[in-house]
Amino acid sequence: MLHTVDMDENNENIANNDFISRGCSSAPRIYDKNDNIYSHGCCKLDSCNWLSDIPDADAGEAFSNVEIRFKNSRIEFFQAPAELELETGDIVAVEGSPGHDIGIISLTGETARLQMKKKKADPDAEDLKKVYRRARVSDIEKWVSVVGKEEYAKFKTRELASGLKLEMKINDVEYQGDSTKATFYYTAEERVDFRELIKLLAEEFKVRIEMRQIGVRQEASRLGGMGSCGRELCCSTWMSRFKSVSTSSARLQQLSLNPQKLAGQCGKLKCCLNFENAMYEDALKEFPSSKIVLKTKKGNAIHHKNDVFKKVMWYSYSEERSDIMAIPVDEVKRIIQKNEEGVLPDKLEDYAFVKDKKVEFENGADQDALDRFD
């Protein structure tokens, strides 16, 4: 019974934690060190310092740039002063545009250097922003105050946008740490004239307003959620670059062309369709063309589908399409070779090891057409 109470209290603390989107297990305390509030389990697109257990080699001057986490998946690189010995989880004040922002150190040292190399970021760039200092008590106090306003600002902005009849969806609001600027993330299918909305927002919140449009895939990555596989969305946990996904990937993998199953939470084709696509392309190189008609004395046979894992191809006679037969790829190649030599086998049944009835799957009236993804 005590365990149940503890679980309820823990869930309530998570629900009331405005800083969980910044990787904090709890809100920062103004007069404490806040050493243990940064938690990798709370982070989206988390960065893991896999060199943490390896001592630094004495190879000259230490790498001065660091990776800093802000709200949700926003991560940026900054140049830190040499006199600041920063560690993962430190709350720091960094250069903003304008003013300063508050973030949390997520990577330092050699791992930060490798991360910058992976992201193709120039560590010697002149426009690289700077880390000012460790956050002071006044910085944290103001930061806690402005983060508490974000949820109200999001719903208020949706109300104002609805009143102006703007075809846009406000997904997220992020205040800068010094409370001088707020960034509003939105999605829209068409171009939106939000000049009047910016005037109302500036009058309502008394801060500098920045509107930033994102795509539906970026929206899903910021909001997060669970996929049909039962795991957290890939775009929320590790994917940082989105590649285009086409319906040809689904056809290549012999998937049921059902839009409701192929679409992710963003309404677009699931990114995971690309994960195994290259493997299917390599495997299908061993398969003969599906356009080739197999000729036998009993009749011509046409192709229906492939089974990549079992390396079989399904055929049926053109006059008996309901009866389909599974024929190994090697046997199909042998039949094709015989046809090229002018030899007709007696019947396909001599080569098949499975015979089945073809089942027609039709889209229901409530299902969308697959071409909507294109």
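For the structure, check the block above.
Owing to the predicted nature of the structure, the values given are computational and were not obtained by experimental measurement.

A. The overall build of the chain, seen in detail. Scanning the chain for helices and strands turns up 11 helices and 13 strands. Taken across its 374 residues, the chain has 40% of its residues classed as buried. Taking all contacts inside the chain whose residues are at least 6 apart in sequence as the whole, residues at least 24 apart take part in 63%.

B. Representation of the nonpolar core in the model. Within the largest apolar cluster, 34 residues are counted, with the highest numbers of intra-cluster contacts made by Met168, Leu197 and Met211. For this core, the secondary structure elements donating two or more residues are strand 3 (91–95), strand 4 (100–107), helix 3 (137–147), helix 4 (150–163), strand 6 (169–175), strand 7 (181–187), helix 5 (195–205) and strand 8 (208–213). Residues contacting methionine 211, with those up to four places away along its chain left out, are Met168, Ile170, Phe184, Tyr186, Phe194, Leu197, Ile198 and Leu201. With 18 residues, the next largest nonpolar core counts Leu294, Met313, Tyr317 and Ile335 among its residues.

C. Spotlight on the pattern of salt bridges. Throughout the structure, instances matching the rule amount to 21 salt bridges. Notably, a salt bridge pairs lysine 181 with glutamate 210, separated by 3.1 Å at the nearest N-O pair. Pair noted here: lysine 181 is in strand 7 and glutamate 210 is in strand 8, with a separation of 29 residues, a long-range link. The shortest N-O distance in the salt bridge between lysine 285 and aspartate 282 comes to 3.6 Å. When its relative accessible area of 67% is taken as the criterion, lysine 285 is described as exposed. Salt bridges sharing common partners tie together Arg22, Lys71, Glu150, Asp172 and Arg222.

D. Quick peek at the packing of aromatic side chains. Within this structure, the stated rule accounts for 7 aromatic pairs. Seen in terms of ring centroids, phenylalanine 19 and tryptophan 143 are 4.9 Å apart; in terms of plane orientation they differ by 75 degrees. Their pairing is edge-to-face. Of this pair, phenylalanine 19 sits in the loop between helix 1 (2–15) and strand 1 (65–69) while tryptophan 143 sits in helix 3, and the two are 124 residues apart along the sequence. The pair phenylalanine 19 / tryptophan 143 is uniform in exposure class, with both members buried. One aromatic cluster is present, built from ring pairs that chain together Tyr152, Phe184 and Phe205. We note arginine 158 situated over the ring of phenylalanine 155; from NZ or CZ to the ring centre the distance is 5.3 Å.

Conventions we followed
Chains are numbered independently. Their residues run from 1 in the order of the written sequence. Local features in this predicted model are restricted to residues of pLDDT 70 or higher, and side-chain atom pairs are both shown and tallied only at a pLDDT of 80 or more, whereas totals for entire chains, interfaces and linings draw on every residue. Derived side-chain values reflect all non-hydrogen atoms in the structure, with water molecules and hydrogen atoms excluded from consideration. Helix and strand definitions here come from DSSP, where helices need a minimum of 4 consecutive H or I residues and strands a minimum of 2 consecutive E residues; each element is numbered from the N-terminal end. Residue exposure (1.4 Å probe, protein chains only): buried if accessible area is under 20% of the type maximum, exposed if over 50%, otherwise partly exposed. Contacts between residues were defined by any pair of non-hydrogen atoms, one from each residue, lying within 4.5 Å. Here, the term nonpolar core denotes a set of buried Ala, Val, Leu, Ile, Met, Phe, Trp, Tyr and Cys residues that are joined through side-chain atoms within 4.5 Å. Salt bridge, as used here: a side-chain nitrogen of Lys or Arg that lies within 4 Å of a carboxyl oxygen of Asp or Glu. Centres within 6.5 Å make a pair out of two Phe, Tyr or Trp rings, where for Trp the six-membered ring is used; the pair is then stacked when the planes are under 30 degrees apart, edge-to-face when over 60, and tilted otherwise. Only when the NZ atom of a Lys or the CZ atom of an Arg is both within 6 Å of the ring centre and within 35 degrees of the ring normal do we say a charge sits over the ring.

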